[in-house]
Every structure is written in C-alpha cells, then in structure tokens.
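Summary of the model geometry
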Amino acid sequence: MTTQAGAAVAAAAQPTPKAKIVKPRRNWADLLLRIVAGLVLLYLFLPILVIILFSFNKPAGKFNYTWQGFTLDNWLHPFKYPPLTEALKLSLNVAAVSTAVAVVLGTLVAIALVRQRWRGQSAVDTFLVLPLTAPEVVMGAALLTLFLDFSWPAGYTTILLSHIAFEVSFIAMTVRARVRGFDWTLEDASLDLGAGPTRTFFKITLPLIVPGIIAAAMLSFALSLDDFIITYFVSGSTVTYPLYVNAAVKAAVPPQINVLATAILLVSLILLAIGTLYRRKKFVG
Amino acid sequence: MAGAATSSRQRSKIAPYLMVLPALAYLAIFFVVPFFSLARTSLSETGGSVFMPTMEFAWDFGNYIDAFVLYRDQIFRSFGYALVATVLCLLLAFPLAYVIAFKAGRFKNLLLGLVILPFFVTFLIRTIAWKTILADEGWVVSTLGAVGLLPDEGRLLSTSWAVIGGLTYNWIIFMILPLYVSLEKIDPRLLEASKDLYSSAPRSFRRVIMPLAMPGVLAGSMLVFIPAVGDFINADYLGSTQTTMIGNVIQKQFLVVKDYPAAAALSLGLMLIILVGVLLYTRALGTEDLV
C-alpha cells in the first residue's frame, strides 16, 4: 500500500444507509457484468495464489521463479535466514514505534478538526492533504536532501522520522473520517454533570473514538511495514524487510520470503475476521 | 445548561490550536523544510574532484533544463505509462465496484474484504509474483505462444506492457475503493425512475450512473496516477533498460551516481508537473469533492 491509501480505505469502511433494492431482472448484460467482475477478482488474486504456491516450492537454484517440486521445508524453517528475520524484526519495530507517535499527533489533529469551528481550520485541512499528493519518490528525495543538509547519518532514526512524516496525515484523515458523525455535546453533558475535563476525556471522548483510532493505527502499521520507496532513500545501510526483499531480487530469492508473506497475509485475514465479527456482534447484541 | 456548554466551549478556544500544534510542527520540519532542501539542492552547483565532490548553492536553473533535456524520454514514458495504467484501472475496477455496490447483496462486506486482502502482501513481493507469472518459461507465455497471441518480442517480461500491467495491478485498489464509495451512495430508485421513464440501459448508465460516479472516478484516477508516475519498482522488476521511468532516474541519480542537483531538479520538476496536472484535471471534471 502507498500513502495515498488513507482516505480511500477510510471512506470505503463507512456504510451508507440506503433504500431496499428491488430484485433486478436477470438478463445477459447482468450476467456478463458478473462474469467480468469475477474475472477481475480472479486477477487480483492471481499473484497471491502464486506467492502461496511458491512458498511450498523446492527451488533448484538461487531464485524461486520456476516450480520444482512440493516441500514443507520452507514452512518448517521460516527463520532459516537470520538477515531476513532481522530485517522483518526491524520493520515491525519501526512500524510499531512510528505508528505510536503518529497516532498521537494525527488523532489530536483529527479531533481538533471535527470538534469545533476555528480560524485557520480549512488551511490546516488542505495542508494535511499535501503529503498525500507527493509521489513517494519525491518525498523520499526531499527527506534525503534534508538529512544531507543537516548531515544526519542515515539509519534507524531517519527511517523512523520519515515514516512518522507520511503516517501523520494519513492517520489524521482516517480518524477524521471516522469521528465525523460523533455527537460532541456528550462532552458538554459530562462536564455539566460535574466530571472534570480529564475524566470526560477518558470516560467519554476516548471510548467513542477508539475504534477509529485502532483502524487508522492498523492501516498505518501496514503502510510502514510495506514502505519501500521512501525508506530506500533514507535508510543508509540499515535493512528493513522490503529493502531485504529488494536486495534478494538482485541476488537470491529464498522461498522463506513467500512463507513470511503468506504468514503476514494470514495474520491480516484473522485480524480482518475478528474486526468484522466484533462489529457484527456490536450491531446485533 | 446552555451557559455551561458555552463556558466549556470558551475554555477550549485555544485548545484546537494546541492540539494541531505538535503535528503541524512535525510536518513543518519533516515535510515543508525537506522541500526547501530539495529546492536548494536543485539550484546548486557541483564542483571539486571525483573523490571530494562539493556542492554549492548558485541559483543554477540550468539544472532543470539539463535534466529535462537529458531525461525527456523517461519523463514522457512515465506520464504515458501512468496514464494508460490509470485508464486500465478504471476499466477493470468499474465492473467490480459496480457489482459490489449493486449486486452483491449480503456478500457485499465479504467481497470488499476479498478485494482489500491481496494488498496485505508486500508490494515488492506482489511484483515479484508477476515476474514469476510473466516469466519466459512460465505457462502464460507458453499458452499465449500456442494460441499465437504473443507480441512480436516473443516474450512478456521486459516489455512496456509488463510494466504497465504491474502499475495497473499495484494501484487498482485505489480505484476500486473510491469508485465503490461513489456508486454505493447512488439510490437504486434513481435507476428505476430512469427505467420507468423509458430510458434505455446505456442511456441510464450515461445520464444517471456516470455523473454520480464522477467523484469516485476523479479521486480514484488521482490515487492511481500519482504513485504510478513516480514508481520505479515495476519498471525495475518487470521492465528492461528500454522501459525506465523518471523514478528510476531520480533513484539512480540520488543513490548511485550521487548527482544531487540534477536528481533534485527532476524530483521537484515532477512534483510541479503533477500539481499543475491535478489542478487542471479537477477543473476539467468540475468537482471539488475529493475523496
């Protein structure tokens, strides 16, 4: 995923109430439409199926590009290559730390933007969209020149600072989209009933906005874990998971890359399922 | 009670400013200042020896002219590829988004989840998978070859179409989601009304669905076009030296050749072209409702 994902994903997650659909007449055009849609869905999954399939491959040489034979070895030894494991650990670390910082910065902005009207609000709104309109290669280049100008050695810190920079806008937009319909007079009610501002924040505001924040944080975590282009510019000799994969393409691609990618996909699938079930339960009971 | 509410509002008059301050300060340092650095670098002059290169600020606008003369092909190619990829995304995404919005019934959320799922696999690994699929010894090439549909080159990998295909695949999700959001908002009764008033299906599509889907088309095409035009991974993995894009040049000049002024001029030039393009595009489609 790229930084631009934010608003799109956030918006798609919001259901709109609508009128009941009258059962449409089935005709050939309708059928054709369904078939085309099915083919497009298949197209989306084709590379994923290849990735999963090749995680069971027994590659003959250094590259895992042609099917040689079935094996479970790769799955039994997913951490066979320490540099790959180290790179993945580093990426998880960067994703967690940068998201934690960006969530605080981004959520504060989102709440300020939707809670009340204030002078300069729309300027801040526009400014927040700007980082999402810069192609990653330009953003990476700009950050690189900054670090060069100030002679900051590239490494863990510069990666972290850059990731926070592209996550803040993203989180602010996502949380804002989620808390737009929130009834802010509940806060006043709480204050009227004698709760202090701190107590009101923890008892009223936070519980209401937490689902939006969690969704934004998960997407931001995924963005950070997946980021290659910006990281490539500011990493120096530090190797994150995508950077390891990129180096592997030029030298040797172990099937463990496919194993870890499939494992990450499975974890995402489980999280997605839990999220859906949780939401359904909340609506039903 | 009204008094209390007002007082709580008055108390928090400076609160919004305090709340946006940390993020704005952060973005000022790590988003605005970097662009000043980039602009400064793009106007600098390199000097010194090969072993001790120096760089000095000199208002050297020649860097821009040099960069654009030297890399004209890559610039045109990037915009061409990104444009074709955006159109392909639109053509592929529309039927899927339409079916999810209008025909999926209770499978709507499941389908949406399925659409998002592939994008939880790292972008690079998805692209490597396409390398496998399009490989010369792969079944796609042999099947197409048997049917006689293979392009003149006799292969798929390392062609322009492989790069465009990669760009299309990697960003199609950003077309599907905004399109779905726009279509989902359309009241199906509008379609029934247009049918009742004896509009043909194609006419209903043109006069009812398309105008209402426009915000999604606009947002989607920008969300696809912008990252695609700056990308260098697809050209690197799926293309050849004949398909290099502007991102490849920027990346190489910055990280391999280390000709910082030229690379900075190219990056900033790209950004400016995109900004102008986005402005013209939003004007042309006449909607301010972005995402």
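Here we summarise the structure given alongside this text. Since we're looking at a predicted model, the values are computed, not measured. (Residues numbered from 1 in each chain as written. Chains lettered and ligands numbered in written order. Predicted model: local features only at pLDDT ≥ 70, side-chain atom pairs only at ≥ 80, totals over all residues.)

1. A closer look at the overall build of chain A
A tally of helices and strands in chain A yields 12 helices and 0 strands. Out of the 285 residues belonging to chain A, those deemed buried represent 42%. (Helix = DSSP H or I, 4+ residues; strand = E, 2+ residues; numbered from the N terminus. Buried ≥ 20, exposed ≤ 12 C-beta atoms within 10 Å, placed from the backbone.)

2. Examining the interface of chain B and chain A
Contact with chain B, which involves 82 residues of that partner, is made by 79 residues of chain A. The element that contributes the greatest number of residues to the side of chain B that touches chain A is helix 2 (residues 15–42) of chain B, accounting for 16 residues. Each residue belonging to the side of chain B that touches chain A can be placed in one class, and the counts come to 61 nonpolar, 11 polar and 10 charged. (Contact = placed C-beta atoms within 7 Å. Nonpolar A, V, L, I, M, F, W, Y, C, P; charged D, E, K, R; others polar.)

3. Describing helix 11 (residues 241–250) of chain A
Most of helix 11 of chain A is tucked away, with 7 of its 10 residues classed as buried. Taken together, the buried positions of helix 11 of chain A are Tyr241, Pro242, Leu243, Tyr244, Val245, Asn246 and Ala248 of chain A.

4. Structural notes on the packing of helix 2 (residues 28–54) of chain A against helix 4 (residues 72–102) of chain B
Between two packed helices, both the angle of their axes relative to each other and the distance between the axes serve to describe the pair. As a packed pair, helix 2 of chain A and helix 4 of chain B sit with axes 8 Å apart at the nearest point and diverge in direction by 115°. Classified by the angle between their axes, helix 2 of chain A and helix 4 of chain B sit roughly perpendicular to one another. For the element pair helix 2 of chain A and helix 4 of chain B, the recorded crossing hand is left-handed. Contact residues: helix 2 of chain A offers Leu33, Arg34, Val36, Ala37, Val40 and Leu41 of chain A, while helix 4 of chain B offers Leu92, Pro95, Leu96, Tyr98 and Val99 of chain B. Its residues assigned to classes, the contact of helix 2 of chain A with helix 4 of chain B comprises 10 nonpolar, no polar and 1 charged. (Axes fitted to C-alpha atoms, helices over the stretch in contact; angles between N-to-C directions. Parallel < 35°, antiparallel > 145°, perpendicular 65-115°, else oblique. Left-handed = near helix turned anticlockwise from the far one by under 90°.)

5. Observations concerning the packing of helix 2 of chain A against helix 6 (residues 123–134) of chain B
Across the interface, helix 2 of chain A lies against helix 6 of chain B with an axial gap of 9 Å and an inter-helix angle of 85°. Between helix 2 of chain A and helix 6 of chain B, the angle falls in the class roughly perpendicular. Residue-level inspection shows Leu46, Pro47, Val50, Ile51 and Phe54 of chain A of helix 2 of chain A in contact with helix 6 of chain B, the latter providing Ile125, Arg126, Ala129, Trp130, Thr132 and Ile133 of chain B.

Note that every value here comes from positions in space, so none of it alone points to a role or purpose.
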